[in-house]
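Survey of secondary and tertiary structure
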Amino acid sequence: MSMLTVPFLSFQPQHVPIREEVMAAVGRVYDSYWYVLGDEVKAFEQAYAAFNQVAHTVGVANGLDALVLALRLLGIGAGDEVIVPSNTYIATWLAVTQVGATPVPVEPNPATSNLDPGRIAAALTPRTRAIMPVHLYGQACEMGPIMELANKHGLYVVEDNAQSQGAAFGGQLTGSFGHVNGTSFYPGKNLGALGDAGAITTNDAALDQKVRVLRNYGSQQKYYNEVVGYNSRLDELQAAVLGVKLRHLPEWTRQRQQVAAWYDQHLTGIAGLRRPVVATGATHVYHLYVVHTPQRDALQQQLATQGVSTMIHYPVPPHRQQAYAAMQLPAGAFPIAEELAATCLSLPMYPGMTEEHVRAVATGIRSFLC
């Protein structure tokens, strides 16, 4: 009997059934002869705002730009500090650095890997202007206490919602709590474009108007530039594709949650393996299904020999990256982030996975750890 190969990610189960819908959308753009900031972007912005239960969505070029523009909108810059997770993809930190502010790392809750609300207060200084919670792996951060703390200290909140479209805390969707929030539609995300794409969400009409100017060369009227702006626009083709995929996102989310439930069932009772923990009040849309084990590297190699592809999100915390060497944060400065980075392993996860796939992954893990 041949071995069942399990890829880390496959677009095929998502893309094949909707191919005709997507091709029709692409053809519509092609035949419109209007390719930047047209009807497709407007339609997607309205549809995503309705999905995310916010007043405004503004399409931009990618997720990092969304975070940079969010901070710029709030006037955050040189001399300011922004609370960021110590355990995140580096884009969160890069956004803060790109506007001239200083990222101030705060450790995660080791159980959820998300920013620990109980640790934020100790990191605040008179220079703190904002908190940037990241809804990591698909799980909502504990936004209740984070918003309470931000309101108490007069701080802005900018959510990084790149991995968690459709997740919620206390019944409220991620990407709808903060003053202005960023998300990514990178192809591998739960809602993915066919290239780079991103968006800003906000309930503030004034910020919505400002970012529309900022993303388009600082201009409302062509060739008249009011502010020093950016060229960061969601293009018509990506908007048209995202509009199609958004209609399927709830079903894809349901499938991801089913795959996670199968993993929970088949990985129960394995000593030395920690499965995902969902915080009280939070929901998880399983952009990633991440387990932890001290034997991570050896397990990953063993699974590879059995045809199971895995990934590490993320092997090096931002404070240990060469890019941030100037901050002089030595090994041991953020031990929880470092321990998570040394032990985390992302298992295959995508809509269309079957229980047979999950069973094959679990069998490989059991044969190694048990």
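Residues numbered from 1 in each chain as written. Predicted model: local features only at pLDDT ≥ 70, side-chain atom pairs only at ≥ 80, totals over all residues. Heavy atoms only, no water.

**Looking at the sheet that holds strand β3 (residues 102–106)**
Across a sheet, strands are paired by hydrogen bonds formed along the backbone, either parallel or antiparallel in direction. Pairing within the open sheet is parallel, and its four strands lie in the order β3-β2-β4-β5. Bordering the open sheet on either side are β3 and β5 (156–157), each of which pairs with just one other strand. Looking at chain direction, strand β2 (residues 81–85) and strand β4 (residues 128–131) are connected through three bridges and run parallel. Within β4, the position partnered with Val82 by the bridge is Ala130. (Pairing = 2+ DSSP bridges. Helix = DSSP H or I, 4+ residues; strand = E, 2+ residues; numbered from the N terminus.)

**Some thoughts on the packing of helix α4 (residues 63–73) against helix α5 (residues 91–98)**
Viewed as axis vectors pointing N to C, α4 and α5 meet at an angle of 40°, and their least axial separation amounts to 9 Å. When the axes of α4 and α5 are compared, the pair comes out oblique. The handedness of the crossing between α4 and α5 is right-handed. Packed against α4, whose contacting residues are Leu64, Leu67, Val68 and Leu71, the element α5 presents Ala91, Thr92, Leu94, Ala95, Val96 and Gln98 at the interface. Class assignment for the residues of the contact of α4 with α5 results in eight nonpolar, two polar and no charged. (Axes fitted to C-alpha atoms, helices over the stretch in contact; angles between N-to-C directions. Parallel < 35°, antiparallel > 145°, perpendicular 65-115°, else oblique. Left-handed = near helix turned anticlockwise from the far one by under 90°. Contact = heavy atoms within 4.5 Å. Nonpolar A, V, L, I, M, F, W, Y, C, P; charged D, E, K, R; others polar.)

**Comments concerning the packing of aromatic side chains**
Following the criterion strictly, the structure yields eight aromatic pairs and no others. Pairing Tyr48 with Phe51 gives two aromatic rings, centres 5.7 Å apart and planes at 40°, and the pair type is tilted. Of this pair, Tyr48 and Phe51 both sit in helix α3 (residues 39–52), separated by three residues, roughly a single helical turn. Judged by its relative accessible area of 0%, Tyr48 falls in the buried class. Take Phe51: its relative accessible area is 21%, and that puts it in the partly exposed class. Here Tyr286 and Tyr289 contribute two aromatic rings whose centre-to-centre distance is 6.0 Å and whose plane-to-plane angle is 25°, an arrangement assigned as stacked. Grouping residues by exposure puts Tyr286 and Tyr289 together as buried. These aromatic residues form a ring-pair network of at least three members: Phe44, Tyr48, Phe51 and Phe185. (Phe/Tyr/Trp six-rings, centres within 6.5 Å; stacked < 30°, edge-to-face > 60°. Buried < 20%, exposed > 50% of the residue type's maximum accessible area, 1.4 Å probe, protein only.)

**Details of the domain arrangement of the chain**
On domain assignment, one finds that the chain holds domain 1 (11–106 + 114–244) and domain 2 (249–369). Averaged C-alpha coordinates put domain 1 and domain 2 at centres separated by 25 Å. Contact between domain 1 and domain 2 buries roughly 2800 Å² in total, counting both sides, with carbon and sulfur atoms accounting for 65%. Counting the surface domain 1 buries against domain 2, the share from its top three residues, Tyr137, Gln139 and Asn190, is 27%. (Domains from an automatic or database assignment. Buried area = accessible area lost by both parts, 1.4 Å probe.)

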